[in-house]
Amino acid sequence: MKPQASLWRSLSIQMRSIHALIVRDVMMRYGREHLGFVWVVLEPMLLTSGVLIVWSLIRPSHEHGIRLVGLVITGYMPLTLWRHETNAALLLFRRSTSMLYHRHLTLLDIFLSRMLLEFAGTTAALLFVYFVLVVSGFLDPVQDISLAIAGWLMMGWLAFGVAAITVVLTELYEIAERFVQPFQYLQLPISGTFFLVDWLPYDAQQVIWYNPSVHCYEMFRGGFFGSSIVTYYSVPYVSAWAFGLSSVGLWIIAHMRGRVRIV
């Protein structure tokens, strides 16, 4: 068999495996009824909608010249993407070891299928909420769609890298699971969810800029609000973080099957 044909055959098998795993995950989590599939989108959408309603009742309609609706959408939707991807990695392999009896399935297939499901579901929720709010007049259209997409993809990539490290650590060390939730809560105030870098004092800006997630939020909001706000971000910086975390995590996943006990 030619090397090129062998490569395409391997890719075809992996794509079918990932697709089958995604379908299985959806059925296991949401049931076989038609509404079950809708929950992939409804779950993140309801969280954002709930936060939006609460904030609208207790906070002014504008902050620093930005409509509150826009601030919530550009803060909580990337946060939801981050949480869904990173939380899905917790003990993922231990919950899926029975699938490894299938000869063609690998740990990488299991990981990629879950990440794709979380990313697709949260992205669909973002598009639905955005469409409804724009049509109803509560949100202005995106000013720079390419920058907004880049920020969203960067957040997905960064969360993917963190998830890759998380799935490895929680599989190899049981105590690692105890540190994930504290890390999530400690990361939240400095993640960029609730502020723009331009709102902070100069000294705080110099420190917060080292957090890679802040760059994703700045890009996403820069795309949404355009020239009406001042944003600070570095694509090479956040790309280096995402690439480094993803590379290390995926390399370990590819070589750790022998460390996973099949029960």
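Before reading further, recall that the structure is shown in the block above.
By convention here, each chain's residues receive numbers from 1 onward along its written sequence. Note on the predicted model: pLDDT of at least 70 is required for a residue's local features to be given, and 80 or more for side-chain atom pairs to be given and counted; whole-chain, interface and lining totals, by contrast, use all residues. Each side-chain value is worked out from all heavy atoms of the structure, with water and hydrogens disregarded.

1. Focus on the overall build of the protein chain
Each helix and strand in the protein chain was counted, giving 9 helices and 2 strands. For the protein chain, the α and β elements follow one another from N to C terminus as α-α-β-β-α-α-α-α-α-α-α. Exposure classes here rest on a 1.4 Å probe applied to the protein chains alone. A residue is buried below 20% of its type maximum, exposed above 50%, and partly exposed in between. The proportion of buried residues among the 263 residues of the protein chain is 46%. Just so you have it, the protein chain exposes about 14200 Å², and 67% of that area is on carbon and sulfur atoms. Runs of E in the DSSP output that reach at least two residues are strands. Runs of H or I that reach at least four are helices, and both are numbered from the N terminus. The protein chains shown are the only cover counted for residues, whose accessible areas, like all others here, come from Shrake-Rupley with a 1.4 Å probe.

2. Side note on the packing of helix H5 (residues 145-172) against helix H8 (residues 212-225)
Helix axes use the C-alpha atoms of the stretch in contact, all axes being lines fitted to C-alpha atoms, and the angles between their N-to-C directions lie in the range 0 to 180 degrees. Packing of H5 against H8 brings their axes to within 7 Å, and their N-to-C directions diverge by 155°. Compared by their axis directions, H5 and H8 come out roughly antiparallel. Crossing of H5 over H8 shows left-handed handedness. Counted together, Leu147, Ala148, Ala150, Gly151, Trp152, Met154, Met155 and Leu158 of H5 and Pro212, Ser213, Cys216, Tyr217, Met219, Phe220, Gly222, Gly223 and Phe224 of H8 form the full contact between these two elements. In what follows, roughly perpendicular refers to angles from 65 to 115 degrees, roughly parallel to angles under 35, roughly antiparallel to angles over 145, and oblique to any angle outside these ranges. Each crossing is labelled by how the near helix is turned from the far one, with a counterclockwise turn of less than a right angle marking it left-handed and a clockwise turn marking it right-handed. Here a residue-residue contact requires only that any non-hydrogen atoms of the pair lie within 4.5 Å.

3. Comments concerning the environment of Ile149
Structurally, the position occupied by Ile149 is in helix H5. With 74 residues separating them along the chain, Ile149 and Gly223 place their C-alpha atoms 7.8 Å apart.

4. Quick notes on helix H6 (residues 177-187)
Of the residues making up H6, those classed as buried are Val180, Gln184 and Gln187. One side of H6 carries all its buried residues, which in axial view fall inside an arc of 80°. Opposite the packed face of H6, turned more than 90 degrees from it, sit the exposed residues Arg178, Phe179, Tyr185 and Leu186. As for H6, its buried residues are in contact with helix H3 (68-88), H5 and H8. The arc under discussion is defined with respect to the helix axis, by the directions toward the C-beta atoms.

5. A short note on unusual backbone geometry
Although it is not a glycine, Leu91 adopts a positive phi angle of roughly 50°. Here Leu91 is to be found in the loop between H3 and helix H4 (107-135).

6. Notes on a nonpolar patch on the surface
A residue counts toward a patch only above 30% relative accessible area and without a salt bridge, and it is joined to like-charged neighbours within 9 Å or, for Val, Leu, Ile, Met, Phe, Trp and Tyr, to nonpolar neighbours within 5 Å. Each salt bridge in this description consists of a side-chain nitrogen of Lys or Arg and a carboxyl oxygen of Asp or Glu lying within 4 Å of one another. Taken together, the side chains of Ile53, Val54, Leu57 and Ile58 define a hydrophobic patch exposed on the protein surface, amounting to about 450 Å² of accessible area. Note on placement: Ile53 falls in helix H2 (residues 34-58).

7. Some thoughts on the pattern of salt bridges
Following the criterion strictly, the structure yields 1 salt bridge and no others. The closest approach of N and O atoms between Arg67 and Asp140, which form a salt bridge, is 3.7 Å. With Arg67 in strand E2 (residues 66-67) and Asp140 in the loop between H4 and H5, this pair connects stretches of sequence that are 73 residues apart. Residue Asp140 is classed as partly exposed on the basis of its relative accessible area of 45%.

8. Details of the side chain of Arg221
Looking at the secondary structure, you find Arg221 in helix H8. If near-sequence neighbours (up to four positions away) are discounted, Arg221 is found in contact with Leu71, Thr74, Gly75, Gly192, Thr193, Phe195, Leu196, Gly226 and Ile229.

9. Some points on the nonpolar core
Membership of the largest hydrophobic core comes to 39 residues, with the highest contact counts inside it found for Trp55, Val72, Ile73, Leu133 and Phe224. Secondary structure elements with two or more residues in this core: H2, H3, H4, H5, H8 and helix H9 (235-254). The biggest single contributor to this core is H3, with 10 residues. Beyond its immediate sequence surroundings of up to four residues, Ile73 is in contact with Thr48, Pro78, Leu126, Val129, Leu133, Phe220 and Phe224. Counting 15 residues, the second largest nonpolar core, distinct from the first, contains Ala89, Leu92, Ala164 and Val168. Definition used in this section: a nonpolar core is a set of buried Ala, Val, Leu, Ile, Met, Phe, Trp, Tyr and Cys residues joined via side-chain atoms within 4.5 Å.

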